[in-house]
Amino acid sequence: MNAKKADIQRIVKQEFPKIKTQEELLCLLNTIHELLYSRYFIKLNKPVPKIELKTLTYYKNITKSGSKRYKTFTIKKKSGKNRVISAPAKGLKLIQQCLNEIFQTFYEPNENACGFIPQRNITDGARQHVKMPYVLNIDLKDFFDTITFPRIKKVLSLPPFNLSGEREQLGYIITSLCCNPKKVTTIDVEGKEIHESRNCLPQGAPTSPILTNIVCRSLDRHVAGLARRFHARYTRYADDITFSCHYNIFKDDSEFLKEMHRIIENEQGLTINRDKTRLQTPRQRQEVTGLIVNSKVNVPKHYVKQIRLWLHYLETFGLERAQKYFIGQYVKHREHFLNSHDARIENVLGGKLDYMHMVVGDTQAFKKLKARYDVLITSIEAPKRSEKSAKKTKEGEKKLVTSSAAATHIATNDSIQAVPKNAPDFVAKEELEVMLDGLIDDLKMDDAMETFFNIK
């Protein structure tokens, strides 16, 4: 944990249990905001902007803010269906980022939960199921839609948040800031479609992932107890649940499955997606959250084949031609992603190798692919560096000539004045460079602020 994170958690632990009003909550959010982003504003020589009370009031009131709270769009799932993503407005996103720090301070993750938790990644859950004869994968249907306003408000009223009694209004405000109405379609026992509006967690808000884990603490506790009773292993990554066991306790109408359905569906009010439930034996490819676990945690074969293919393109055809082949394949399944047509083969390959390294470590297979990539990157970057160096040298010579020829006047805040006769020849050039460096730094910082914090 870095120093900034430690400071935030120390202050939150001290102040959050004391707050009782909306104004006190706003004060804590502004303190968190200042700790999170102060260094960026210091570089701009500007004070950290405050979250105003009217902003908090506006976004907590769903009736007033309405459709302005989120921008909704869809992306394709692997199945071909659409996944609805709700991106919060700038002001609401900033508030949610600060609330997320409060949630992270008090949330103590269950050992079986592996998703959306610092210092845990996708391999931690998969590792629990390596070399297990029977692996059962279960998917929870419409997971975020089932985490509704009443459920969140209820868990926030319990320890460690304790937003009940005289602090109940705070629980209502925080829950309102984290939920959003959504039209959902459900199927009743008779098979008929029911259309309703449900105030639930939006998929795309900074607070949604950790709130799913907070709400699912009860689920994790009960299901982990069931797994222990049957000498099985249990992990959950968001809505992906995995069980594994040395013997087959997953037969139809088995006691384990009956009890599991009772806990998940009847007790917790979640829905199991039968179409995505699958039992995997040692003779099959056993997969957990997209990773292979038959003998060790590994990436799928097609993932490695894709890396080898793109390396082959670069080695055989060179960068320009390889990029054309690559972009045709890459964009095919990513048309919904912003700027996917601008993807570069060398950057995507670097990302894929980093992911592979996280999963498999320093294996021989990884080292060979990384060595090939490093050789190619060196050959790609060398001409770029030479070209950039030559361009800088040329520009420097041009500046020097311009400075020598035009150093008779100098710009000040008030006017353009003549350079004193006794001034050295390099004064005008140095002043120009200082001014340009400052301007470039400001432009870079403005760019960063707009990108990361949407501040213009």
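Everything below is about the structure shown above.
Below is a short write-up of the structure. Source: prediction; values computed, not measured.

Right, let's get into the overall build of the protein chain. Within the protein chain, the regular secondary structure consists of 16 helices and 12 strands. For the protein chain, buried positions account for 39% of its 456 residues. Sequence-distant contacts in the protein chain: of pairs separated by 6 or more residues, those separated by 24 or more amount to 62%. Summing over all exposed atoms, the protein chain offers an accessible surface of approximately 26900 Å²; the carbon and sulfur share of this is 52%.

The next thing to look at is the sheet that holds strand β8 (residues 278-280). Adjacent strands of a sheet pair through backbone hydrogen bonds, lying either parallel or antiparallel. Sheet architecture is open: 4 strands sit in the order β6-β7-β3-β8, paired in antiparallel fashion. With partners counted over all chains shown, the strands left at the sheet margins are β6 (233-237) and β8, one partner each. Here the average twist between neighbouring strands, direction ignored, is 20°. As paired elements, β6 and strand β7 (residues 240-245) share 5 bridges and run antiparallel to each other. Looking at the pairing, Y234 lines up with F243 of β7.

Let's shift gears to the side chain of Q323. Inspection of the secondary structure puts Q323 in helix α13 (residues 301-332). Only 2.8 Å separates the side chain of Q323 from the backbone oxygen of A343, close enough to count as a polar contact. Setting aside residues up to four positions removed in sequence, Q323 forms contacts with A343, R344 and I345.

At their nearest, the axes of helix α8 (residues 149-156) and helix α10 (residues 208-215) sit 10 Å apart, and the two run at 70° to each other. With respect to each other, α8 and α10 are oriented roughly perpendicular. The interaxial crossing formed by α8 with α10 has left-handed handedness. Where α8 approaches α10, its residues R151, I152 and V155 are matched on the opposing element by L211, I214 and V215. Tallied by class, the residues present in the contact of α8 with α10 amount to 5 nonpolar, no polar and 1 charged.

To continue, consider empty space enclosed by the protein. All told, the structure shown has 1 cavity of 30 Å³ or more when counted by the stated rule. As for the largest cavity, its lining consists of C114, I122, G125, A126, T235, R236, Y237, D240, T242, V288 and T289. When residues of the lining of the largest cavity are traced back to their parent elements, those giving at least two are α6 (122-127), β6 and β7. Among the residues making up the lining of the largest cavity, the classes are represented as 5 nonpolar, 4 polar and 2 charged.

With 32 residues, α13 should cover 46 Å at 1.5 Å per step; its first-to-last C-alpha distance of 20 Å lies more than 12% under that length. At G318, α13 shows its maximal kink, close to 130°.

Take helix α11 (residues 217-229) next. Across its 13 residues, α11 extends 18 Å between first and last C-alpha, which sits within 8% of the 18 Å expected from 1.5 Å per residue. L219, D220, V223, A224, L226 and A227 are the residues of α11 that are buried. Each buried residue of α11 sits inside an arc of 155° when the element is viewed along its axis, so together they form one side. The exposed residues of α11 that point more than 90 degrees off its buried face are R221 and R228. H231 lies just past α11 and shows a positive phi near 55°.

Another aspect to go through is the packing of aromatic side chains. For the coordinates displayed, the defined rule picks out 17 aromatic pairs. When the centroid spacing of 6.1 Å and the interplanar angle of 45° are considered together, the rings of F116 and Y237 count as tilted. Separated by 121 residues along the polypeptide, F116 in the loop between α5 (90-106) and α6 and Y237 in strand β6 bring together distant segments of the chain. Its relative accessible area of 26% is what places Y237 among the partly exposed residues. Consider the rings of W310 and F326, whose centres lie 4.9 Å apart with planes at 85°: the pair is edge-to-face. In this structure F326 comes out as buried when scored by relative accessible area, which is 0%. What links up through ring pairs into an aromatic cluster is the set F230, Y234, F243, F250 and F256.

Generally speaking, nonpolar side chains in soluble globular proteins are found buried as a group. Ranked by internal contacts, the top residues of the largest apolar core, which has 74 residues, are F16, F103 and F243. Top element by residues in this core is helix α2 (residues 22-43). It accounts for 8 residues. Leaving out residues up to four positions away in the same chain, F16 has contacts with I11, L28, I102, F106, F161, L163, R167 and I174. Counting residues in hydrophobic clusters, the runner-up holds 36 residues, among them V348, L353, L369 and L376.

What follows is about a positive patch on the surface. Taken together, K301, K305, R308 and K368 make up a surface patch of like positive charges. With 3 residues, α13 is the single largest residue contributor to the positive patch. Relative to the assigned elements, R308 resides in helix α13. By relative accessible area, R308 is classed as partly exposed at 46%.

Under the definition given, this model contains 18 salt bridges. Taking the shortest distance from any N to any O, the salt bridge between E34 and K50 comes out at 3.8 Å. With E34 in helix α2 and K50 in the loop between α2 and α3 (53-60), this residue pair connects regions lying 16 residues apart in the sequence. With relative accessibility at 55%, the residue K50 sits in the exposed group.

What counts, and where the lines are drawn
Residues numbered from 1 in each chain as written. Predicted model: local features only at pLDDT ≥ 70, side-chain atom pairs only at ≥ 80, totals over all residues. Heavy atoms only, no water. Helix = DSSP H or I, 4+ residues; strand = E, 2+ residues; numbered from the N terminus. Buried < 20%, exposed > 50% of the residue type's maximum accessible area, 1.4 Å probe, protein only. Contact = heavy atoms within 4.5 Å. Areas by Shrake-Rupley, 256 points an atom, 1.4 Å probe, with all protein chains shown as cover. Pairing = 2+ DSSP bridges. Axes fitted to C-alpha atoms, helices over the stretch in contact; angles between N-to-C directions. Polar contact = N/O pair within 3.5 Å; in protein donor to acceptor, adjacent residues only side chain to side chain. Parallel < 35°, antiparallel > 145°, perpendicular 65-115°, else oblique. Left-handed = near helix turned anticlockwise from the far one by under 90°. Nonpolar A, V, L, I, M, F, W, Y, C, P; charged D, E, K, R; others polar. 1 Å grid on protein atoms, 1.4 Å probe; cavity = no way out; pocket = protein on both sides within 12 Å on 5 of 7 lines; lining within 4 Å. Points joined across faces, edges and corners; volume = space filled by probe spheres on them. Expected span 1.5 Å × (residues − 1). Bend = angle between axes of the 7 residues up to and from the residue. Arc of directions from axis to C-beta. Phe/Tyr/Trp six-rings, centres within 6.5 Å; stacked < 30°, edge-to-face > 60°. Core = buried A, V, L, I, M, F, W, Y, C linked by side-chain atoms within 4.5 Å. Patch = residues over 30% accessible without salt bridge, like charges linked within 9 Å, V, L, I, M, F, W, Y side chains within 5 Å. Salt bridge = Lys/Arg side-chain N within 4 Å of Asp/Glu carboxyl O. Lys, Arg positive; Asp, Glu negative; His and termini not counted. Charge placed at Lys NZ, Arg CZ, Asp CG, Glu CD.

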